[in-house]
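# Coordinate inspection notes
These are the residues of each chain, in order.
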Amino acid sequence: MSNISPEKISKCKQLRNLLESNELEFILEAHNGISASIVEHAGFKGIWGSGLALSAQFGVRDSNEASWTQVVDMLEFMSDATSIPILLDGDTGYGNFNNMRRLVKKLEQRDIAGVCIEDKQFPKTNSFIDGNKQPLAEIDEFCGKIKAGKDSQADDNFTIVARVEALIAGWGLTEALKRAEAYHNAGADGILIHSKMSRPDEILAFAKEWAERAPLVIVPTKYYSTPTEAFRKAGIDLVIWANHMIRTSIAAMEATSKTIFKSESLADVEDKIAGVDHVFQLQGADELSRAQKRYLKQKSNIHAIILAASRGSELHELTHDKPKAMISIGGKTLLARLMDGLKKAGINKSTVIAGYKAEAINLPGIEKCINDDYENGDELKTLQCAQENFNDDMLILYSDLLFREYILRDLIETEGEIVIIVDSALGNPNMTGTPDYAYCSRDDDRSPFMQDVILTQVSLSNNIDNKKPSGYWIGMMRVRKQGREWIDTALDELKSAPDFNTLTLPDLLNHLIKQGKPINVHYIDGHWLDVNSLDDIDRANHFTK
Ligand code: SPV
Ligand code: MG
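Residues numbered from 1 in each chain as written. Chains lettered and ligands numbered in written order. Predicted model: local features only at pLDDT ≥ 70, side-chain atom pairs only at ≥ 80, totals over all residues. Heavy atoms only, no water.

### Overview of the overall build of the chain
The helix and strand tally for the chain stands at 18 helices and 21 strands. Relative to its length of 545 residues, the chain is extended, with a C-alpha radius of gyration of 39 Å against a globular reference of 24 Å. Each principal axis of the C-alpha distribution contributes one length, and for the chain these read about 115 × 60 × 45 Å. Looking at the chain as a whole, 52% of its 545 residues are labelled buried. Within the chain, residue pairs in contact and separated by at least 24 positions form 74% of the contacts whose partners lie at least 6 positions apart. Of the roughly 26,500 Å² of accessible surface on the chain, a fraction of 50% belongs to carbon and sulfur atoms. Distance between charge centroids for the chain: 4 Å, based on 62 positive and 80 negative side chains. (Helix = DSSP H or I, 4+ residues; strand = E, 2+ residues; numbered from the N terminus. Rg over C-alpha atoms; globule rule 2.2 N^0.38 Å. Buried < 20%, exposed > 50% of the residue type's maximum accessible area, 1.4 Å probe, protein only. Contact = heavy atoms within 4.5 Å. Areas by Shrake-Rupley, 256 points an atom, 1.4 Å probe, with all protein chains shown as cover. Lys, Arg positive; Asp, Glu negative; His and termini not counted. Charge placed at Lys NZ, Arg CZ, Asp CG, Glu CD.)

### Some thoughts on the domain arrangement of the chain
Per the domain assignment, the segments of the chain are domain 1 (11–252), domain 2 (265–292) and domain 3 (303–543). Of note, the centres of domain 1 and domain 2, computed from C-alpha atoms alone, are 32 Å apart. (Domains from an automatic or database assignment.)

### Re the environment of S459
By secondary structure assignment, the location of S459 is in strand 18 (residues 455–459). Each C-alpha atom of the pair S459 and D507 lies 8.7 Å from the other, and the pair is 48 residues apart in sequence. With residues up to four places along the chain from it excluded, the contact list for S459 reads P435, D436, Y437, Y439 and I464. In this structure the side chain of S459 is engaged in a polar contact, spanning 2.9 Å, whose partner is the backbone nitrogen of S461. (Polar contact = N/O pair within 3.5 Å; in protein donor to acceptor, adjacent residues only side chain to side chain.)

### Brief notes about the site of ligand 1
Residues in close proximity to ligand 1 include W48, S50, G51, L52, D89, N126, S127, F128, R163, H194, V219 and A242, which together make up its full environment. Here H194 contributes a side-chain N or O atom positioned 2.9 Å from an oxygen atom of ligand 1. Protein burial of ligand 1: of its 280 Å² of free accessible surface, 100% is covered by the chains. For the shell around ligand 1, a count of residues per class yields five nonpolar, five polar and two charged. (Near = heavy atom within 4 Å. Nonpolar A, V, L, I, M, F, W, Y, C, P; charged D, E, K, R; others polar.)

### Points about the environment of F58
Within the fold, F58 resides in helix 3 (residues 51–58). Contacts of F58, omitting those with residues within four sequence positions, involve A66, Q70 and M74.

### Considering the pairing of strand 14 (residues 394–398)
Counting buried residues in strand 14 gives five out of five residues, a clear majority hidden from the surface. Residues M394, I396 and Y398 of strand 14 are buried on one face, and the alternating residues L395 and L397, pointing to the opposite face, are buried as well. In this sheet, strand 19 (residues 471–479) lies alongside strand 14 in antiparallel orientation, the contact comprising four bridges. Bridge assignment links I396 to a residue of strand 19, and that residue is M477. (Pairing = 2+ DSSP bridges.)

### Quick notes on the pairing of strand 16 (residues 418–423)
Taking burial as the measure, the six residues of strand 16 include six buried ones, the bulk of the element. Residue alternation in strand 16 divides its side chains into two sets, I418, I420 and V422 and V419, I421 and D423, and both sets are buried. Two strands pair when backbone bridges link them, and strand 16 and strand 20 (residues 520–524) are joined in this way by five bridges, in the parallel orientation. Each bridged residue has a counterpart across the sheet, and for V422 the counterpart in strand 20 is Y523.

### A word on the side chain of R478
Mapped onto the fold, R478 is located in strand 19. Residue classification places R478 among the buried positions, given a relative accessible area of 3%.

### A few points about unusual backbone geometry
A cis geometry characterises the amide bond from F122 onward to P123, with omega recorded as -5 degrees. As for its position among the elements, P123 is in the loop between strand 4 (114–118) and helix 6 (139–152). Phi at D465 takes a positive value of approximately 50 degrees, unusual for a residue other than glycine. Secondary-structure assignment places D465 in the loop between strand 18 and strand 19.

### Details of the state of the cysteines
Counted under the stated rule, the structure contains zero disulfides. Summary of cysteine pairing: C143 is not part of a disulfide, and the nearest cysteine sulfur, belonging to C116, is at 15 Å. (Disulfide = S-S within 2.5 Å.)

### Comments concerning the packing of aromatic side chains
What describes a pair of aromatic rings is the distance from one ring centre to the other and the angle between the planes of the rings. Evaluation of the coordinates by the stated rule reveals eight aromatic pairs. On the basis of an interplanar angle of 40 degrees and a centroid distance of 5.7 Å, the ring pair of Y437 and Y472 is categorised as tilted. Note that Y437 is positioned in strand 17 (residues 437–440) and Y472 in strand 19, a separation of 35 residues in sequence. On the basis of relative accessible area, Y437 is assigned to the buried category, the value being 13%. Here Y472 falls in the buried class, since its relative accessible area comes to 5%. If you follow K222 out to its NZ or CZ, it ends over the ring of F128, 4.9 Å from the centre. Between R404 and the ring centre of F543, over which it is positioned, the NZ or CZ distance is 3.8 Å. (Phe/Tyr/Trp six-rings, centres within 6.5 Å; stacked < 30°, edge-to-face > 60°. Lys NZ or Arg CZ within 6 Å of the ring centre and 35° of its normal.)

### Quick notes on the sheet that holds strand 8 (residues 238–241)
One closed barrel accounts for eight strands, arranged 1-2-3-4-5-6-7-8; its pairing is parallel. Across the sheet, the axes of successive neighbouring strands diverge by a mean angle of 30 degrees, strand direction being ignored. Its contacts with the sheet place helix 6 against strand 4 and strand 5 (159–164), and it is angled at close to 170 degrees to strand 5. (Axes fitted to C-alpha atoms, helices over the stretch in contact; angles between N-to-C directions.)

### With respect to the side chain of H522
Following the sequence through the fold, H522 ends up in strand 20. The buried category is assigned to H522, whose relative accessible area is 10%. Contact partners of H522, with chain neighbours within four places excluded, come to D410, T414, V419, I420, I421, V422 and M450.

Have a look at this one:
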């Protein structure tokens, strides 16, 4: 894609303007997308789709060995990579009038602004190879081709330039002028007069006689030493620098390949060649990254903080040599199951806070923090170990949770600086041990719509002031930027409290509630369990089947 903002005017009109401008204009050869882009970046207002250069970059001869559709396919890349017009060197039009009609149609479809056809016979040979042995086309036949092309163009500004090869083939000025006049009368928008002489004499003589009857185009490849001013004075309209990009790249590629081959190293070439960043720039990489930001779903940046320091002593022997997080349920550890769940939800960054038998936590791809003092401290002491890893978008959760995928997905999507999951199914048979009861601003009305519910307290008691809880806090919370700041501050405040070592996540939540911080609640209805006792293992095995 072009990095240069496209001109408002069409490419056909741009080329037409170049041909008809009062200034001497210049176009430069290109032969693929990147060379076309370079030509545009250099400042040129148009591109010559050279038959010689296009065939050379394919590695074939300039004798119609590449098919015209292969040429047109390459032109499409060139046109897509640029916002300036391309004038195709269309050789003889690749056949008779009928081929010419189809060519014009296909060129317009690919936003190619014009085509130049030469009055030779198919298959053509490059004008600089035995030029005077090359037979010219019949004038009438060639005029028919020009007319057919003009009649089939859809855009009035599509340009057809007729190239006169009479001087190349040794027919002289009179024949050249006769042909140019006939082609002009047949509807050609411009005349390209070609010469293989190293001096511009015959071109200048033609220009004088032509006397600006129609736009005049030249290709000074052989008479390159002529001062450009001479062309201006002669009333030439458009100069084609016809093959200088392919020749530049050939010279550069030969030098580089020889050096690398000889030295068996890149050291001698690296400083002399384009950096890969420059390649990216020419390819329009910046535009793609802007588009990705706009159109691609951004990857989650959520960081999961997983509390896995406790032994889970009610599991007895099972946690003799490993923490609860590493006991196996259905052949997979609780922690591995949790990590899988997080990955499925697009969360790839996790910090596990280990304590008891920390070395047993050895899953790949996790960041581990250690709470060395796990025996003397409770959950907040553990959480605080990971404070440096806190993120403006994070989850804090226990490591012994099993839950259906949707719970995490819904939690991630729920609005709020701190959001917790509350299971409103108070009769949940999976609920064992000493649950954390959540008291909320409203009970779950089981509506399918998000409810605006705030946590008012978490407690081990299921009756506070004759009020029933709204559900269980399951040990999973979502924290955003401001929520993270609240938690950071709360932890710093609570650290100096004499009972800090006994404090749990519910204590943190209650502390925040006292400070007036809103803790949002997302209700679920079962579909989870945590593993506290041997009985829970059976339930967990069943849950994961
Ligand atoms: C080309 O660039 O392919 C041309 C110009 O036709 S020349 O090679 O000079 O004939
Ligand atoms: Mg050519």
